[in-house]
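Observations on the model geometry
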Amino acid sequence: MDIKQQEEEIKKKFGKNRINSTRARSRRARQAGNSCSVVRFMGNNNILLWLDPSDPASLSPLVSTMPDRLTQLTNAGYTSVIESNIAIAKYGEKVWIHGEDAGQPGNPKVIIEWNLDVTALNLLFSNVYYELPAAGNPNLGHSVIGAGMCAIDANTLVVAKGKIGRINLNSSNSTYTVDPNTINITGGVCQGDVVYLPSYNSTITAVFSNSGVPHFWQHHDSNGNLLHQLNYPSSSDFVVSMFCHNGKVIAPSGVGPTGVMLEIQVNPSTSVLSTINSGLSYKNAEDMASDPQCCDNNNPPPP
């Protein structure tokens, strides 16, 4: 093969690889857009995008590393903001992580907002929200921002710690306010996660019991009423993350690479909780999040 023929072969291979790469990006975008994709916050602080939890062979590609996020924060002027790896929320192409500003008195809690590009598979910095304290109730964020976090819509989050609270984001001045009508968690604290059910306007919270195993879930309505409490199926169950997929609330239970994907079912008449094996392929993380509409069968995820 002469030099000219070699050049032609290289061009063909390059063009083929470029086409395959474009097709792969388009396929990822379709998977993420047409199904309830899940963001996974890993123990090594990487963030992955689980494209289709209903497909056992579905990929969970990397979208962000902590060094990259820190670089973006630094470049945006937030040199003292430190993120937490215990809570993440998602709505459409918005992703939120909470953290704190170590350079401010009292290390105020902050909400860090990112834009998710499902085609390029990356997170791009969007905003950092600081608490706008309520009159007579400063630093309410410290009592509610913890291990549990999920989204109601593009401007409202649910957070859970010793209490459950709703956070309203104001992008015009980069502040957030905590609804003073917080919900008390009884018998423990949220060291697991929380999901929001749009059809019930309610929350399910994974609670670590103050009295030891078994730990449990609590189902609250928006007024703070405890609708039901359900123990984990066994004392060995360990739930740190929850998400929704195709109308099902999923709670991975396990340690490391082994475990079971529990499905939490809600009785529509009584609001009573029960669990079954979801049948999904097991994956776990420090935290996971999906769009709230994925908790309902009749509502598609946001565009």
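Residues numbered from 1 in each chain as written. Predicted model: local features only at pLDDT ≥ 70, side-chain atom pairs only at ≥ 80, totals over all residues. Heavy atoms only, no water.

Some remarks on empty space enclosed by the protein
Over the atoms rolls a probe the size of a water molecule, and its path tells where empty space is left. What counts, and what does not: Method remark: on a 1 Å grid restricted to protein atoms, a set of points is classed as a cavity if a 1.4 Å probe fits but cannot get out and as a pocket if it is open with protein on both sides within 12 Å along at least five of seven lines; lining residues have an atom within 4 Å of a point. Grid points are joined across faces, edges and corners, and a volume is the space filled by probe spheres set on the points. Basically, the charged four are Asp, Glu, Lys and Arg, the nonpolar ten are Ala, Val, Leu, Ile, Met, Phe, Trp, Tyr, Cys and Pro, and anything else, Gly included, counts as polar.
Per the counting criterion, the structure on display carries 1 cavity of 30 Å³ or more. Quantified by volume, the largest cavity comes out at close to 80 Å³. Lining the largest cavity are 16 residues, and of these Cys150, Val194, Val195, Tyr196 and Ser290 lie nearest its centre. Each residue belonging to the lining of the largest cavity can be placed in one class, and the counts come to 14 nonpolar, 1 polar and 1 charged.

A short note on the state of the cysteines
Put simply, the rule reads: When the sulfur atoms of two cysteines come within 2.5 Å, that pair is taken as a disulfide. Starting at the N terminus, helices and strands are each numbered in turn, a helix being any DSSP run of H or I of at least four residues and a strand any DSSP run of E of at least two. Using a 1.4 Å probe on the protein chains alone, a residue whose accessible area is under 20% of its type maximum counts as buried, one over 50% counts as exposed, and one in between counts as partly exposed.
This model, assessed by the stated rule, comprises 2 disulfides. The disulfide that involves cysteine 36 links it to cysteine 294, with 2.1 Å between the sulfurs. Across the disulfide from cysteine 36 to cysteine 294, rotation about the S-S bond amounts to roughly -100°, and the bridge is consequently left-handed. A residue pair is termed long-range when its members are at least 10 positions apart, and cysteine 36 in the loop between helix H1 (3-34) and strand E1 (38-41) and cysteine 294 in the segment after strand E22 (287-289) qualify at 258 residues. Summarising the burial analysis for this pair, cysteine 36 and cysteine 294 share the class buried. Sequence-ordered numbering of the bonded cysteines in the protein yields a pairing of 1-3, 2-4. Cysteine cysteine 150 shares no disulfide, and the gap to the nearest cysteine sulfur, in cysteine 295, comes to 7.7 Å. No disulfide involves cysteine 190; its sulfur sits 9.7 Å from the nearest other cysteine sulfur, which is in cysteine 150.

What to know about the pairing of strand E5 (residues 94-101)
Each regular strand carries side chains that alternate between the two faces of the sheet. We apply this condition: Think of it this way: DSSP has to see at least two bridges between two strands before they count as a pair.
Burial within E5 is extensive, with 6 of its 8 residues counted as buried. For strand E4 (residues 81-91) and E5, the ladder comprises 7 bridges, and the chain directions are antiparallel. Residue pairing across strands places valine 81 opposite aspartate 101, the latter belonging to E5. What sits between the antiparallel neighbours E4 and E5 is a turn of 2 residues, in which glycine 92 has the positive phi angle 60°. By the bridge criterion, 7 bridges tie E5 to strand E6 (residues 109-117) in an arrangement that is antiparallel. For glutamate 100, the partnering residue across the bridge sits in E6 and is lysine 109.

As far as function goes, none of this settles anything; it's purely spatial.
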